[in-house]
Amino acid sequence: MDPARKRTVRLVVALSAAVLLAGALVYTSFSASSEAKSPSELATSAKAGERYQLTGKVVDKSIQQLGGDGGIEFRVRDRDGSTSVPVRYKGSVPDPFRDGREIIITVSKKGADFVGERDSLITKCPSKFSDKPQAV
Amino acid sequence: MATLGRACLILALGVALYGIGAGIAAWRLQRRDVANSARRAVYAMALLLTIAMVILEVAFLRDDFSYALVTSHSSTTTPLFYKAAAVWSSQEGSLLLWVWLLALWSSLVLFLTRNRMRDVTPIATAVLAGFATFFTSLLVFSVSPFEILGSPPVEGGGLNPLLRHPSMMIHPPMLYSGYTLFTVPFAFAIGALVARRVDAEWIVATRRFALGAWLFLGIGIILGARWSYAELGWGGYWAWDPVENASLLPWLTGTAFIHSIMIQEKRGMLKVWNVSLVLTTGILAILGTFLVRSGILDSIHAFGASTLGVPFVILIVGLIVLSVGLVASRLDVLRSEHRLDSLASREAVFLFNNLVLVALAFVVFFGTFFPLITEAMGNRRNVGPPWFNQVTVPLALALVGLAGIAPLIAWRKATRANLRHSFTIPVASALTVLVVLVAVGGVAHKPKALAMFVIAAFLITGVAQEFWRGTRARKAMSKDAWPVAVVSLVRRNRRRYGGYLVHVGIATLFVGVAASSAFQHARDVQMKPGDVTKIGAHQIRYVKSTGRIDNKDGRIERIVLGAQLQVLDKRGKVLHTLNPTRGFYPQNAPFAPVSAMFDGEPTSEVRMVAGLRRDVWTAVAPDINSVLLPTAKRYDAALRKGIADGQLKTTEEQVLAFRALLGKLVEGYVEATPPANFRLIDSPLVAWIWIGGIIVFLGGLIAMWPAPDAARRRASAGYAARVALELAGTDGKVERPTLEQELGRV
């Protein structure tokens, strides 16, 4: 095969491989992803079995230990609003988790409750680089 | 002093602007004196920013609460070590650290190249001064670190306890050094493109900076992982958090770059690719800096809604347009001098390695920005760590495999003899590991981890073989003893053998990652004193609860509640005793309601038995809500009543009463021995991640260290080049000896 032809063949093979891989990437990412939702969106439109990424704030005084190995239960409300949904969760609880904190958690609907995926609870750390100085 | 600090920033901004103007003028007018002036402007900027940094650092060390920044990020009870590190815990301070490091590195590279590449350095100076201008103007106009409070308080808010970890001292400066060092090759690439001088000289001049950037960023990332493992991350070392990913992106493209530049140095190939990689890496470094501060992606590192988003986006878009435009307009001079001879050659393996690294960077970028991409299409969606693991593991396997092949295969075209000579032993070693692991059992059901172990064995044996053969050859020539021969082998080929060590370090690190992620046992469990729970090959017994109050200079620094745990073997024999705790810090000093102790950020003091084979990792979360808080609230009521009744008149009496109640609270906790929540992890081979990191660091240092004879030769090469140019007149048509020719096969 002459060199020019060989190069064209190589280019075509490489490009097709790249397109295939990119397609696989997009496919896996969409099928593995979960939709980001606020508590009020979840309260109205959640489907059983579907995974969602819930972002909101922990409702004051809503955190309860379920005892034994049952994990915890708490309510999450909108960032600027009061609509809230109940969440049951087992797994690691980050240090800054508490009332009023902004959290991200992957949940799916089971009955009236939302059940958090193990170890998916993330608490936003409120002070690093925040513009508001801390209370003194 | 704050006024002086602010004045330094304003002057630094002025000097940086002058540096841009003078750099561009020096290039247009071809004036050396103007170029020198631009360079000195960068030195002056570094000096001014150093003064500003020192002023701020001194303010933190002296607890000068007239600075708003000191008040919000430090306190008298913050230990001295952390006061020094608290400077960069704020947006303002960290930006100052960033631009200060930028100025220092810029000064260093401009000093080292002051007599070289006269057509490239003026533009590079202007670009570096441009970056400095951007960051200094943020500090002058948007987020001043020298804000002064009208009425300074007596006590500050303290450094966020989550940041009180020795890594706070090194992790941010390492990362920022990495980010800022990557702007150096970026600036020289722009200079080379503008001046149409795209041979390997700018690469050789900035190679050490690229390597330094790569090394610092890598160490910064590993320190972050270690910090997360030992404190913040509840036993995880990598969470695919956007901010972690942001630091990984320039590291990946930087890794690709420091490999592919070797091909340009040796064979004059891949010029477009190299220049694009280095520009991409520079832009990703800025993107990384930006992501940490923008709040556009949900991250565990949350940074408040920052006002810096718009200027950063403008900067990044500007850089992309500039880079793409320059590369497109210089395609004519970026043509390759050679073509790839064979797919079975070291060049080809480097090329594949580059493709894999860029694919990794692309995948990580795609996953990180997936929420923004999908939001633009309608619904914001996120991908989690399982997705990242799924797509990155095959690429990581390919990467380690290629890193194993590259040192063994010949340049240009590998012959059958070469393949047999180099590959027989490493392949045999890999097969042996495969057979042994399958025979031992327990590993075969985790194919990805198994593949990583096998490939790592191949790589490590290959490198060992290279060392062995090199040493044997040296010994044959010099008759030195073995250790002397090894040292002299490495000394004479620092770049090559340093690089091999880095490969071994990376393979070791990946073995640790594969083992600890595939064979980890983790449990979250509530236990009463006396309870025993099983974790991996061990059992853990909760013996009793513990508590104490830490004081510093007569003030309460924190209360520490914890648990005494025993690690038992299968037969119940006590192997270790661990005492994980959780610290609670006062919100307002000198005193406040007792219950307010639990309002702030607690920190877990993780305790583990770390070993080469496995780590047993424990953390405790005392149950605050059911016992402690109600009691604390009763004490608050008593305290309030005491003050209202006039029993506690003076502040002194109130403080004493507060302390007494706090002591009682802690005592009560210890006596009541309530149930507590534990996270227990049994993780094999984690230690090898950190050991791998140390090997990478050592290998990187060896590769970066200038060889004494090479430095001498470089000086004479520079001199020869100058003489040649002068002899030829000023038309510049004489071909200068490029440094890679001078240095030979380093």
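Numbers given for residues are sequential positions, taken from 1 along each chain in its written order. Chain labels run from A onward and ligand labels from 1 onward, assigned in the order the entries are written. Whole-chain, interface and lining totals are the exception, using all residues; otherwise, since this is a predicted model, local features are given only for residues with pLDDT of at least 70 and side-chain atom pairs are given and counted only at 80 or more. The basis for the side-chain values is all heavy atoms of the structure; hydrogens and waters are excluded.

### Some details on the overall build of chain B
Quick note on the threshold: Only DSSP runs of H or I with at least four residues qualify as helices, and only runs of E with at least two residues qualify as strands; both kinds are numbered from the N terminus onward. We compute the radius of gyration from the C-alpha atoms alone; for a globule the expected value is 2.2 Å times N to the 0.38, where N is the number of residues. Burial status follows relative accessibility: with a 1.4 Å probe on protein chains alone, a residue under 20% of its type maximum counts as buried, one over 50% as exposed, and anything between as partly exposed. Contacts: residue pairs with any heavy atoms within 4.5 Å of one another. Here the open area of atoms and residues is found with the Shrake-Rupley method and a 1.4 Å probe, where only the protein chains shown may cover a residue. Lys and Arg are tallied as positive, Asp and Glu as negative. Neither His nor the chain termini are counted. Charged groups are reduced to one reference atom each: NZ for lysine, CZ for arginine, CG for aspartic acid, CD for glutamic acid.
Along its length, chain B carries 22 helices and 11 strands. Taken against the 2.2 N^0.38 rule, which gives 27 Å for 746 residues, the C-alpha radius of gyration of chain B at 29 Å falls within 12% of a compact globule. Expressed as lengths along the three principal axes of its C-alpha atoms, the size of chain B is roughly 100 × 70 × 60 Å. When each of the 746 residues of chain B is scored for burial, the buried share is 57%. Here the analysis covers contacts within chain B between residues at least 6 apart in sequence; of these, 76% occur between residues at least 24 apart. With the model as given, the accessible surface of chain B reaches about 30600 Å², and the carbon-plus-sulfur share is 64%. Side-chain charges of chain B comprise 74 positive and 46 negative groups, with the mean position of each set lying 10 Å from the other.

### Quick notes on a nonpolar patch on the surface
Applicable threshold: Each patch is built from residues that are more than 30% exposed by relative accessible area and take part in no salt bridge. Like charges join if they lie within 9 Å; nonpolar side chains (Val, Leu, Ile, Met, Phe, Trp, Tyr) join within 5 Å. Criterion for a salt bridge: a side-chain nitrogen of Lys or Arg within 4 Å of a carboxyl oxygen of Asp or Glu.
A grouping of V427, L431, L434, V435 and V438 of chain B is seen on the molecular surface, where their side chains present a nonpolar patch of about 390 Å² in accessible area. Along the chain, L434 of chain B falls in helix 14 (residues 416-440).

### Some points on the sheet that holds strand 9 (residues 607-609) of chain B
Residue and element names in this part refer to chain B. What counts, and what does not: DSSP-based pairing: two strands are paired if at least 2 bridges between them are found. Here an axis means a line fitted to C-alpha atoms, over the contact stretch when the element is a helix, while the angle between two N-to-C directions is reported on a 0 to 180 degree scale.
Taken in spatial order, the 4 strands of this open sheet run 2-11-10-9, and their pairing is antiparallel. Edge positions in the open sheet fall to strand 2 (521-527) and strand 9, since each of these has one partner strand only. The mean angle between the axes of side-by-side strands here comes to 15 degrees, regardless of whether they run parallel or antiparallel. As paired strands, strand 2 and strand 11 (residues 676-684) are joined by 7 bridges and run antiparallel to one another. Its bridge partner being in strand 11, V525 is matched across the sheet by F678.

### Regarding the domain arrangement of chain A
The following threshold applies: All domain edges in this entry derive from an automatic or database-based domain assignment.
Looking at chain A, the domain boundaries give domain 1 (1-33) and domain 2 (35-123). For domain 1 of chain A and domain 2 of chain A, the distance between their C-alpha centroids amounts to 41 Å.

### Quick notes on the packing of helix 7 (residues 167-194) of chain B against helix 11 (residues 309-329) of chain B
Residue and element names in this part refer to chain B. Where we set the bar: Note on terminology: angles under 35 degrees are roughly parallel, angles over 145 are roughly antiparallel, angles of 65 to 115 are roughly perpendicular, and the others are oblique. The crossing is said to be left-handed when, going from far helix to near helix, the turn is anticlockwise and less than a right angle, and right-handed when the turn is clockwise. Gly counts as polar in this scheme, as do all residues outside two lists: the nonpolar Ala, Val, Leu, Ile, Met, Phe, Trp, Tyr, Cys and Pro, and the charged Asp, Glu, Lys and Arg.
One can describe the packing of helix 7 onto helix 11 by two numbers: an axis separation of 10 Å at closest approach and a directional angle of 40 degrees. The angle between the axes of helix 7 and helix 11 places the two elements in the oblique class. The two elements helix 7 and helix 11 cross, and the hand of that crossing is left-handed. Contacts between helix 7 and helix 11 involve F186, I190, L193 and V194 on the former and, on the latter, L319, L322, S323, L326 and V327. For the contact of helix 7 with helix 11, the class distribution of residues is 8 nonpolar, 1 polar and no charged.

### Structural notes on helix 9 (residues 242-267) of chain B
Quick note on the threshold: A helix's residues, less one, multiplied by 1.5 Å, set its expected span.
For helix 9 of chain B, spanning 26 residues, the distance from its first C-alpha to its last is 38 Å, which sits close to the expected 38 Å at 1.5 Å a residue. Of all 26 residues that make up helix 9 of chain B, 24 are buried, and the element is covered over most of its length.

### Some thoughts on the nonpolar core
Residues and elements named next belong to chain B. Short version of the rule: Here, nonpolar core refers to any group of buried Ala, Val, Leu, Ile, Met, Phe, Trp, Tyr and Cys residues whose side-chain atoms link them within 4.5 Å.
Core analysis: the biggest nonpolar cluster contains 149 residues, and M45, L96, F135, F188, W202 and I286 have the highest contact counts within it. Considering each element in turn, this core owes the most residues, 15 residues, to helix 7. Viewed by domain, this core spans two of them, domain 1 (1-162) and domain 2 (165-383 + 395-401), each represented by three or more residues. Once residues within four sequence positions are removed from consideration, F135 is found in contact with L95, W98, V99, I286, T289 and F312. I535, F584, V620 and L680 belong to the second-largest nonpolar core, a separate cluster that totals 36 residues.

### Concerning the environment of Y52 of chain A
All names here are of chain A. For clarity, the cut-off: Pairs of N or O atoms within 3.5 Å make up the polar contacts considered here, provided that, within protein, one atom can donate a hydrogen while the other can accept it, and that residues adjacent in sequence are counted only when both atoms are side-chain atoms.
Take Y52: it is sitting in strand 2 (residues 51-58). Ignoring any residue separated from it by four or fewer positions in sequence, one finds Y52 in contact with S34, E35, K37, L42, S45, A46, K47, I105, T106 and V107. A polar atom in the side chain of Y52 sits 3.0 Å from the backbone nitrogen of K47.

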